[in-house]
There are 2 protein chains.
Amino acid sequence: MKKKVSLKDIAKKVGVSTATVSYVLSKGKESGVSAEVSEKVKKAAKELKYQPNQIAKSLKMGKTFTIGLIVADISNPFFAHIARIIEDEATRLNYTVIFGSSDEKSDKSWDLIQFLTNRQVDGFIIAPTENSEKQIKYLKEQHIPFVLIDRYFPEISSNYVVIDNFKAAYKAVNRLIETGNQQIGIVAYSNSLYHMRERVRGYKSAMGDNTLEVKNEWLHEIDFSDIKLGVKKAIDELLLEKKPVEAIFFATNTLAVHGLKYIDELNLKVGEDLAIVSFDEGEAFDFYYCPLSYIKQPLSELAENAVAILTKQISDHEAKEEQVCLEAELVIRESCQRSNS
Amino acid sequence: MKKKVSLKDIAKKVGVSTATVSYVLSKGKESGVSAEVSEKVKKAAKELKYQPNQIAKSLKMGKTFTIGLIVADISNPFFAHIARIIEDEATRLNYTVIFGSSDEKSDKSWDLIQFLTNRQVDGFIIAPTENSEKQIKYLKEQHIPFVLIDRYFPEISSNYVVIDNFKAAYKAVNRLIETGNQQIGIVAYSNSLYHMRERVRGYKSAMGDNTLEVKNEWLHEIDFSDIKLGVKKAIDELLLEKKPVEAIFFATNTLAVHGLKYIDELNLKVGEDLAIVSFDEGEAFDFYYCPLSYIKQPLSELAENAVAILTKQISDHEAKEEQVCLEAELVIRESCQRSNS
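Residues numbered from 1 in each chain as written. Chains lettered and ligands numbered in written order. Predicted model: local features only at pLDDT ≥ 70, side-chain atom pairs only at ≥ 80, totals over all residues. Heavy atoms only, no water.

### Here we look at the relation of the copies chain B and chain A
Applicable threshold: Superposition of the copies was done by least squares, using only C-alpha atoms of residues whose pLDDT is at least 70 in both. We call two residues in contact when some of their heavy atoms are within 4.5 Å.
Superposing chain B onto chain A takes a rotation of 180° plus a shift of 0.0 Å along the axis, which leaves an RMSD of 0.2 Å. Viewed as a symmetry operation, the transformation between the two copies matches a two-fold axis. By residue overlap, the copies meet face to face through one surface: 100% of the interface positions of chain B are interface positions in chain A.

### Looking at the environment of A45 of chain B
Let me state the cut-off plainly: Here a strand is any run of E in DSSP of at least two residues, a helix any run of H or I of at least four, and the numbering for each starts at the N terminus.
Of note, A45 of chain B is situated in helix α3 (residues 35–47). In this structure A45 of chain B touches I10, L25 and Y50 of chain B, once residues within four positions along its chain are discounted.

### What to know about the nonpolar core
Keep this limit in mind: In this description, a nonpolar core means a group of buried Ala, Val, Leu, Ile, Met, Phe, Trp, Tyr and Cys residues linked to one another through side-chain atoms lying within 4.5 Å. For every residue, the accessible area obtained with a 1.4 Å probe (protein chains only) is divided by the maximum for its type, and the residue is called buried under 20%, exposed over 50%, and partly exposed between those limits.
Membership of the largest hydrophobic core comes to 169 residues, with the highest contact counts inside it found for I248, F249 and I263 of chain A together with I248, F249 and I263 of chain B. Considering each element in turn, this core owes the most residues, eight residues, to helix α12 (residues 299–315) of chain A. Contacts of I263 of chain A, omitting those with residues within four sequence positions, involve I235, L239, I248, F250, L268, V270, L274 and I276 of chain A. Counting 42 residues, the second-largest nonpolar core is a separate cluster that includes I126, Y138 and F153 of chain A together with I156 of chain B.

### Observations regarding the interface of chain B and chain A
Here is the rule we go by: Here's the idea: put two parts together, see how much 1.4 Å probe accessible area each one loses, and the total over both is what we call buried area. When a carboxyl oxygen of Asp or Glu is within 4 Å of a side-chain nitrogen of Lys or Arg, the pair counts as a salt bridge. We call two N or O atoms a polar contact when they sit within 3.5 Å, provided that within protein one can donate a hydrogen and the other can accept it, with sequence-adjacent residues counted only if both atoms are side-chain atoms.
In this assembly, 55 residues from chain B lie in contact with 55 residues from chain A. Carbon and sulfur atoms supply 60% of the area buried between chain B and chain A, which totals about 5100 Å² over both sides. Our enumeration of links across chain B and chain A arrives at six salt bridges. Run the count over chain B and chain A and you get 10 residue pairs in polar contact (both at pLDDT 80 or more). If you list the elements that add at least two residues to the side of chain B that touches chain A, you get α4 (54–61), α5 (77–92), β2 (96–101), α6 (106–118), α7 (133–141) and α11 (253–265) of chain B. Ranked by residue count, the leading element in the side of chain B that touches chain A is α5 of chain B, at eight residues.

### Observations concerning the sheet that holds strand β8 (residues 247–250) of chain A
Residues and elements named next belong to chain A. For the record, the criterion: At least two DSSP bridges between two strands are required for those strands to pair. Each axis is a line fitted through C-alpha atoms, taken for helices only over the stretch in contact, and angles between the N-to-C directions span 0 to 180 degrees.
Taken in spatial order, the six strands make up an open sheet running β7-β6-β8-β9-β10-β12, and their pairing is mixed. At either margin of the open sheet sits one strand with a lone partner, and together these are β7 (219–222) and β12 (329–331). In this sheet, adjacent strand axes meet at a mean angle of 15° when their direction is disregarded. Pairing of β8 with strand β9 (residues 275–279), which is carried by four bridges, proceeds in the parallel orientation. In the sheet register, A247 faces β9, and the bridge partner there is A275. Against the sheet, helix α9 (residues 194–209) makes contact with β6 (184–189), β7, β8 and β9, and its axis sits at roughly 170° relative to β6, the strand it touches most.

### Quick word on the sheet that holds strand β10 (residues 293–296) of chain B
All names here are of chain B. If you trace the six strands from one edge of the open sheet to the other, you get β7-β6-β8-β9-β10-β12, paired in mixed fashion. Strand pairing shows two members of the sheet lacking a second neighbour, β7 (219–222) and β12 (329–331), which therefore form its edges. In this sheet, adjacent strand axes meet at a mean angle of 15° when their direction is disregarded. Judged from the four bridges that link them, strand β6 (residues 184–189) and strand β8 (residues 247–250) form a sheet pairing that is parallel. Paired with V187 across the bridge in β8 is F250. Set on the sheet, helix α8 (residues 165–178) makes contact with β6, β8, β9 (275–279), β10 and β12; between it and β9 the angle comes to about 170°. Relative to β7, helix α10 (residues 227–239) is tilted by about 170°, and along the sheet it contacts β6, β7 and β8.

### Remarks on the packing of α8 of chain B against helix α9 (residues 194–209) of chain B
All names here are of chain B. Defined as follows: Crossings are classed by handedness, with left-handed meaning an anticlockwise turn of the near helix from the far one by less than a right angle and right-handed meaning a clockwise turn. Each residue is assigned to one of three groups, with Ala, Val, Leu, Ile, Met, Phe, Trp, Tyr, Cys and Pro labelled nonpolar, Asp, Glu, Lys and Arg labelled charged, and all others, Gly among them, labelled polar.
Where α8 contacts α9, the two axes come as close as 7 Å, and the packing angle between them is 40°. Of the two elements, α8 crosses α9, and the hand of that crossing is right-handed. Along its contact with α8, which presents N165, F166, A169, Y170, V173, N174 and I177, the element α9 presents H195, E198, R199, R201, G202, Y203, S205, A206, M207 and D209. Looking at the contact of α8 with α9 residue by residue, the classes come out as eight nonpolar, five polar and four charged.

### Some points on the pattern of salt bridges
Within this structure, the stated rule accounts for 46 salt bridges over all chains. One salt bridge in this structure joins D73 of chain A and R84 of chain B, with 3.1 Å as the shortest N-O distance. Highlighted residues: D73 of chain A in the loop between β1 (66–71) and α5 (77–92) and R84 of chain B in helix α5, drawn from two different chains. For R84 of chain B, a relative accessible area of 8% corresponds to the buried category. Across the salt bridge formed by R338 of chain B and E246 of chain B, the nearest N and O atoms sit 3.5 Å from each other. Taken together, the residues span a long stretch of sequence, with R338 of chain B in the segment after β12 and E246 of chain B in the loop between α10 and β8 at a distance of 92 residues. With a relative accessible area of 12%, R338 of chain B lands in the buried category. On the accessibility criterion, E246 of chain B (17% relative accessible area) is buried.

This is the structure:
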């Protein structure tokens, strides 16, 4: 394990000044130093395994080789997995990743953007919060490279990598209908983010295309700030009224986990009394008594595309914006039917 | 949303040179600039909400206000949760966090340490891999501040924040014995890391103190590189031999998740045919049919202590080393007994 090699060490080895070494290593052919000496310096640097001081190099190149990653919560498995793949891709391209969690709050998101811009990250990968359109416009005005992931704003032209949320939700609800369910509820978040609106639209569309009426009391939109209580209230209204629904589509896996815990407390059996489809899998479902049907998002492709687009934009600020919309897969298992029908 | 304020903007507002502004903001009282002008500059900076360029400031202060966090895998829930709390604490103290995943490989860990040292992180929080003692010694020799978290090397004097693994494992196995089990197996990792050795020691000690013999075939140490197969083999030997064990202690929750999935395939019932205690909880257990008994680690305290010790060391390189050893709690639920006994 060697001590960190400095320009001075190289200079000593070759028998030249530190300034000469610095010129050769930073300016290359334009250093003004003779080819013979340049070669000796580069050879010595290689032998000693010299690694340039990244900070100084950053100032020179105008790049820090750092990406700022802003997600709702790094401890949420969906984002933790995406973060891991982003880390692997970024490392491959010599970038480090600084992360921050917005908790779905636009003021926290803005603090993070400023904080990380100050650290001169070369660009951002962001899962934007509700009401953060101005922040995205700011990044555009400042020509700071960024890619939106998981959600985007249709009215703002930007790089983004998302899945087709409408199609995924449509497939899920259509499956519930195919297996004999007609009274179907949906539990989603109440925010205005496009991906959530598209999941609700997919639900409504699948119902409509199967000439099924959507009753108002079947559509439940939960506040992110109090998920447990919101889900409980939604389940009460969906299942404990005079005409309970036959199936529920949960628009995220966090909503599904809360929902299923409460359904268990009510002693209702999924796959028998009630059918379920959820968005996203989750470790929590590994041991659920009724194998859950869920929409599987292509996390690797989402993350890899995001890093590729961002690093391209960082290298070429004039690069054309890229929009990637991937398909999610519906994993069909026992929970999407009811045996007691 | 304002455009980023520069020194030039402040200079223009006050009617002085950019150099004057720079001196006032970076050197304070020792700037050589008159008190009256200094006040005007500071007032203008505040009004315009000026935020210094962190990179330039870093070079000046010799600090980047960045922490390097190296864990086994950022997508592992244990580490994702710790990362989140570290992020929150670091942000409170004006630090950003760059993360990297070692996958429990010492060569990857070394690459990350070099990579992040090059980015001049002010210090590290590291969950060290097996065989990375030389890397830790290197950080010490280079006077690079660091704190070890979750595991440490007893033969190397360093900052660390860990739990009392021996005591936690002892409590868990003792509980299994108290509920009437005598033939108890353990499934751990085969690495030499101290925390894992201590968990095995706690198991052996609890058995010994209850005058119970530990048979060789009850001690299973799995290779991290092939957990699924290793756990399957262990369970086969523990449960499908002539004399199956009555209880199993899983030394990590990853081992428990694999173990329980396979036990389900064998149609054995936890809490009836077999008792179980696991290290750490996991979302995976939320819906397990038999509420799992497990050792609950104080994640918040681990993470908060780590950040506090590291930032103290960063501010004062001569600060005394700190070693924190916290207690974990045994959460007792139905899985630690057998009804068919």
